[in-house]
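Here's the letter readout for the chains.
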Amino acid sequence: MRQTPNEADPMKLSDSVFLITGGSSGLGAATARMALDAGARVVIADLAPPRDGLIAPPDAERVAHVPTNVADEASAQAAIDETLRRFGRLDVLVNAAGIGPAEKIHGKNGPHRLDSFTRTVQVNLIGTFNMMRLAVAAMTMSSADGAAHPDRSGDAHASRGVIVNTASVAAFDGQIGQAAYAASKGGVVAMTLPAARELARDRIRVMTIAPGIFETPLLLGLPQDVQDSLGRSVPHPARLGRPAEFAALVRSIVENDYLNGEVIRLDGGIRMAAR
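Residues numbered from 1 in each chain as written. Predicted model: local features only at pLDDT ≥ 70, side-chain atom pairs only at ≥ 80, totals over all residues. Heavy atoms only, no water.

Caption draft 1: Up close: the overall build of the chain. When helices and strands are counted, the chain shows eight helices and nine strands. Taking 19 Å as the expected radius of gyration for a compact globule of 275 residues, we find that the chain reaches 19 Å, a close match to that expectation. Taking all 275 residues of the chain together, 49% fall into the buried category. Considering only contacts in the chain between residues 6 or more positions apart, those separated by 24 or more positions represent 72%. Summed over all atoms, the accessible surface of the chain reaches about 13200 Å², with 55% contributed by carbon and sulfur. Counting 28 positive and 29 negative side-chain charges, the chain places the centres of these two groups 3 Å from one another. (Helix = DSSP H or I, 4+ residues; strand = E, 2+ residues; numbered from the N terminus. Rg over C-alpha atoms; globule rule 2.2 N^0.38 Å. Buried < 20%, exposed > 50% of the residue type's maximum accessible area, 1.4 Å probe, protein only. Contact = heavy atoms within 4.5 Å. Areas by Shrake-Rupley, 256 points an atom, 1.4 Å probe, with all protein chains shown as cover. Lys, Arg positive; Asp, Glu negative; His and termini not counted. Charge placed at Lys NZ, Arg CZ, Asp CG, Glu CD.)

Below, the structure written as structure tokens:
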């Protein structure tokens, strides 16, 4: 079918370059695997090396790992620079790096430690913003240099880049002991629309996913009966979310050019109780 001038070509993952923070495990690793399976090129920005089996020998030319502290300006810039050096441009940033300590504001050991609150905000919120601001510069530079996404150069409305940030249902339903985590993820949620509005002039879309209870390394380390209990608390399907489902939503966001400025809960309909 012939395309009209108002119809935008979807961004093809097979022609895209991804930078994924926290891409060595959990949700980030699933996203990296999805992108590689789709034919994309991927830079994993994570302090830890990729988990065993994530990078198969056939992927070696299409993937790189850069040890990255997302909250440090120089470290984050190094990840961006390596992406441009290795693959020539940046199309998609997925911010999946994060930490989730549990601590009460007034617990049996006294007041919430200020340094743990600060570190949570530093990694989850400031780290997300740090990577986003630097990625935008790289995405616009790639387009200005004529290295724009090859299948979209003739479409005046097509996105030059996509940013997918990761929040949490804790941003809306924070539980007791999650003051720091909920505050940091709430900041990511609040940042979504103003960022999308500002970056519209550069044709860069900004979306946020707010996952519920997922099969991350932290949860999989809990006893099986605890995992089963958590899964039963989800309305439907009554189980933990699978990282591949998070990755599938990232793919849908990248490929659907009309998704912008929104936060999508990916949680099976759960609304977290107070504890």
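Picking up where we left off.
Caption draft 2: Layout of helix α5 (residues 179-199). For α5, with 21 residues, the first-to-last C-alpha span of 30 Å sits near the 30 Å given by 1.5 Å per residue. The axis of α5 is deflected most strongly, by about 30°, at Thr192, and proline Pro194 appears within four residues downstream. (Expected span 1.5 Å × (residues − 1). Bend = angle between axes of the 7 residues up to and from the residue.)

Caption draft 3: Representation of the nonpolar core in the model. Formed by 30 residues in total, the largest nonpolar core has its most connected members in Phe18, Val42, Val250 and Val254. Elements supplying a minimum of two residues to this core: β1 (17-21), α1 (26-37), β2 (41-45), β4 (92-95), β7 (161-166), β8 (204-211) and α8 (243-255). Looking at this core, the element that brings in the most residues is α1, giving seven residues. Excluding its chain neighbours within four sequence positions, the residues that come into contact with Val254 are Met11, Leu13, Phe18, Val92, Val162 and Arg205. Residues Leu19, Ala97, Met191 and Ile204 belong to the second largest nonpolar core, which totals 29 residues. (Core = buried A, V, L, I, M, F, W, Y, C linked by side-chain atoms within 4.5 Å.)

Caption draft 4: Seen up close, unusual backbone geometry. Cis geometry is found at the peptide bond from His236 to Pro237, where omega equals -5°. Within the secondary structure, Pro237 sits in the loop between α7 (224-232) and α8. Phi at Arg203 is positive, roughly 60°, even though this residue is not glycine. Residue position: Arg203 is located in the loop between α5 and β8. A residue is classified by how much of its surface remains accessible, and Arg203, at 28% relative accessible area, is partly exposed.

All quantities given are derived from atomic positions and should not be read as evidence of function.
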